[in-house]
Amino acid sequence: MESAEILVLQASYTNPIHAEAISLVLNHYAQDPMGGGTPLSADVLQQLPGELAKRPHAFSVLAFVHGEPAGLVNCFEGFSTFACRPLVNVHDVSVVGKFRGLGLSQKMLQKVEDIARQRGCCKITLEVLEGNAVAQGSYSKFGFSAGMFDPAHGRMLFWTKSL
């Protein structure tokens, strides 16, 4: 797809085009093996933009290629107690299959970094699956690395407990 027309922007959760794009790309991600392999329910997809809009520390970045939804990054602002400054946690990164290879993740992550800098954030964090070498390569290229304070104590691990 040479000379693709690419638009990367911060989503407006109340814009119907952006809301539909968020749901479409996130559902694409959910159906990918790296997203769990199962589509999201119609209720989740319908309610998601409104629920994100209720959270003042949430923001999303969308990529469109020739006007078609192609990529999504969902983010949430957190807080670093050690730096006494906000941080941005990247929660979801997805590029629709047919648009992979256009550098969309790098462009979207740059927009996330721009927003984080505008907010005075000290860092950007994200989680990535051990088996997702493509995503790890993309994140490394952008400057991310495994979280660590002291190599003697190893890398930070991301754990969850479902409620």
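Our subject is the structure that appears above.
The model shown is predicted, which means the values in this text are computed figures rather than measured ones.

## Let's talk about the overall build of the protein
Check the secondary structure of the protein and you find four helices and five strands. Along the protein, helices and strands appear, N-terminal first, in the series β-α-α-β-β-β-α-β-α. For 163 residues, the compact-globule estimate of 2.2 N^0.38 gives 15 Å, and the C-alpha radius of gyration of the protein, at 16 Å, lies within 12% of that figure. Principal-axis analysis of the C-alpha atoms places the extent of the protein at approximately 45 × 35 × 35 Å. Here the protein holds 163 residues, and 36% of them are scored as buried. In the protein, of all internal contacts separated by at least 6 residues, the share reaching a separation of at least 24 is 61%. If you sum the accessible surface of the protein, you get close to 10,100 Å²; carbon and sulfur atoms cover 55% of it. In the protein, 13 side chains carry a positive charge and 14 a negative one; their mean positions are 5 Å apart.

## Topic: helix α2 (residues 42-53)
Three or more residues of α2 are buried, namely Leu45, Leu48, Pro49 and Leu52. Buried residues of α2, viewed axially, fall in a sector of 80 degrees; they line one side. Of the residues in α2, the exposed ones pointing more than 90 degrees away from the buried face are Ala42, Asp43 and Gln46.

## Points about the packing of helix α1 (residues 16-31) against α2
Orientation of α1 relative to α2, taken along the N-to-C sense of each, is 130 degrees, at an axis distance of 9 Å. As far as their axial angle goes, α2 and α1 are oblique. Where α1 crosses over α2, the handedness of that crossing is right-handed. Between α1, through Ala19, Ile22, Ser23, Leu26 and Asn27, and α2, the contact on the second element is made entirely by Leu45, Leu48 and Pro49.

## A closer look at the sheet that holds strand β4 (residues 85-95)
In any sheet, the strands associate via hydrogen bonds between backbone groups, in a parallel or an antiparallel arrangement. Read from one edge of the open sheet, five strands run β1-β2-β3-β4-β5, paired in mixed fashion. In this open sheet, the two strands that pair with only one neighbour each are β1 (6-10) and β5 (124-126). Strand-to-strand twist of the sheet, defined as the mean angle between neighbouring strand axes without regard to direction, takes the value 25 degrees. When strand β2 (residues 58-65) meets strand β3 (residues 68-80), the two strands line up antiparallel, connected through eight bridges. The residue bridging valine 65 from the neighbouring strand is glutamate 68, located in β3. Along the sheet, helix α3 (residues 104-118) makes contact with β1, β2, β3, β4 and β5, crossing β2 at roughly 145 degrees.

Cut-offs applied
Residues numbered from 1 in each chain as written. Predicted model: local features only at pLDDT ≥ 70, side-chain atom pairs only at ≥ 80, totals over all residues. Heavy atoms only, no water. Helix = DSSP H or I, 4+ residues; strand = E, 2+ residues; numbered from the N terminus. Rg over C-alpha atoms; globule rule 2.2 N^0.38 Å. Buried < 20%, exposed > 50% of the residue type's maximum accessible area, 1.4 Å probe, protein only. Contact = heavy atoms within 4.5 Å. Areas by Shrake-Rupley, 256 points an atom, 1.4 Å probe, with all protein chains shown as cover. Lys, Arg positive; Asp, Glu negative; His and termini not counted. Charge placed at Lys NZ, Arg CZ, Asp CG, Glu CD. Arc of directions from axis to C-beta. Axes fitted to C-alpha atoms, helices over the stretch in contact; angles between N-to-C directions. Parallel < 35°, antiparallel > 145°, perpendicular 65-115°, else oblique. Left-handed = near helix turned anticlockwise from the far one by under 90°. Pairing = 2+ DSSP bridges.

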